[in-house]
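Spelled out, the chains give:
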Amino acid sequence: MSVWRNTKTDEITVACSGTELSWKDLSSDIQLLLGSTNVGSKELDGVLDQLESDYPQQKYDIAAHSLGTAFVENERQEHSRNWDEVFMFNPASSPAQNDAFEKQYANNQQYSYFVNHGDLVSANLIQHMTPQTLENNVQFGSYVWSPVAAHSLTNWYPEGIAM
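Here's a quick rundown of the structure. Keep in mind that this is a model prediction, so the values were computed, not measured. (Residues numbered from 1 in each chain as written. Predicted model: local features only at pLDDT ≥ 70, side-chain atom pairs only at ≥ 80, totals over all residues. Heavy atoms only, no water.)

At a minimum axis separation of 10 Å, helix α2 (residues 42-54) and helix α3 (residues 67-79) run at an interaxial angle of 40 degrees. Overall, the two elements α2 and α3 adopt an arrangement that is oblique. Where α2 crosses over α3, the two elements pack in a sense that is right-handed. Here α2 contributes L44, D45, L48, D49 and E52 to the contact with α3, which in turn contributes F71, V72, E75, E78 and H79. Tallied by class, the residues present in the contact of α2 with α3 amount to four nonpolar, one polar and five charged. (Axes fitted to C-alpha atoms, helices over the stretch in contact; angles between N-to-C directions. Helix = DSSP H or I, 4+ residues; strand = E, 2+ residues; numbered from the N terminus. Parallel < 35°, antiparallel > 145°, perpendicular 65-115°, else oblique. Left-handed = near helix turned anticlockwise from the far one by under 90°. Contact = heavy atoms within 4.5 Å. Nonpolar A, V, L, I, M, F, W, Y, C, P; charged D, E, K, R; others polar.)

Here is the structure:
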């Protein structure tokens, strides 16, 4: 997790990364794959609690990639009233997850989704998106053959920018 504050505009953005090579993250990925819809992050919850305590009444943006999107979705009920824009990059989903959950998650009008048709991790979520969501809330990346490349954050920034 990281929190960024623009000192000129006072806008705040919370960034939540995807899977890191740790047992905790890999375990969360397996839970998602097997259908869990309650994969959370105590770290993200703590960051959001602290942010909302330090900056009461201030809306903030939140951006997440892959597993991080599941963490954000898990915090929606408690924290979304404080969110301004929400950016979901290559959102995590699984065919084993409950369809009602997937439909709600896939059509949240507060979210902007960034997906690639070649991304297996987001494929099930795309299937549950309504025409309205697809038209108004989704940005599709250029198709790539490699499932790894299709799931990469490199879909969403210009070539030549170093991470």
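In this section: the pairing of strand β3 (residues 60-65). Of all six residues in β3, six are buried, a share of seventy percent or more. Taking every second residue as pointing to the same face, both faces of β3 are buried, with Y60, I62 and A64 on one and D61, A63 and H65 on the other. Where β3 and strand β4 (residues 83-89) come together, five bridges link them in parallel fashion. Paired with A63 across the strands is F87, a residue of β4. (Buried < 20%, exposed > 50% of the residue type's maximum accessible area, 1.4 Å probe, protein only. Pairing = 2+ DSSP bridges.)

So, on to the packing of aromatic side chains. The description of two aromatic rings rests on the distance between their centres and on the angle between their planes. Applying the stated criterion across every chain, the model contains seven aromatic pairs. Judged by centre distance (6.3 Å) and plane angle (55 degrees), the ring pair of F89 and W156 falls under tilted. A residue pair is termed long-range when its members are at least 10 positions apart, and F89 in strand β4 and W156 in the segment after α7 (147-150) qualify at 67 residues. Overall, the relative accessible area of 17% leaves F89 in the buried class. (Phe/Tyr/Trp six-rings, centres within 6.5 Å; stacked < 30°, edge-to-face > 60°.)

Within the structure shown, the criterion is met by two salt bridges. Between D10 and R5 there is a salt bridge, with its nearest N and O atoms 2.4 Å apart. What makes D10 partly exposed here is its relative accessible area of 34%. The partner of R76 in a salt bridge is E73, and the shortest N-O contact between them spans 3.0 Å. Placement of the pair is R76 and E73 together in helix α3, with a separation of three residues, close to one helical turn. Judged by its relative accessible area of 6%, E73 is buried. (Salt bridge = Lys/Arg side-chain N within 4 Å of Asp/Glu carboxyl O.)

Interpretation note: all reported values are geometric properties and have no functional meaning in isolation.
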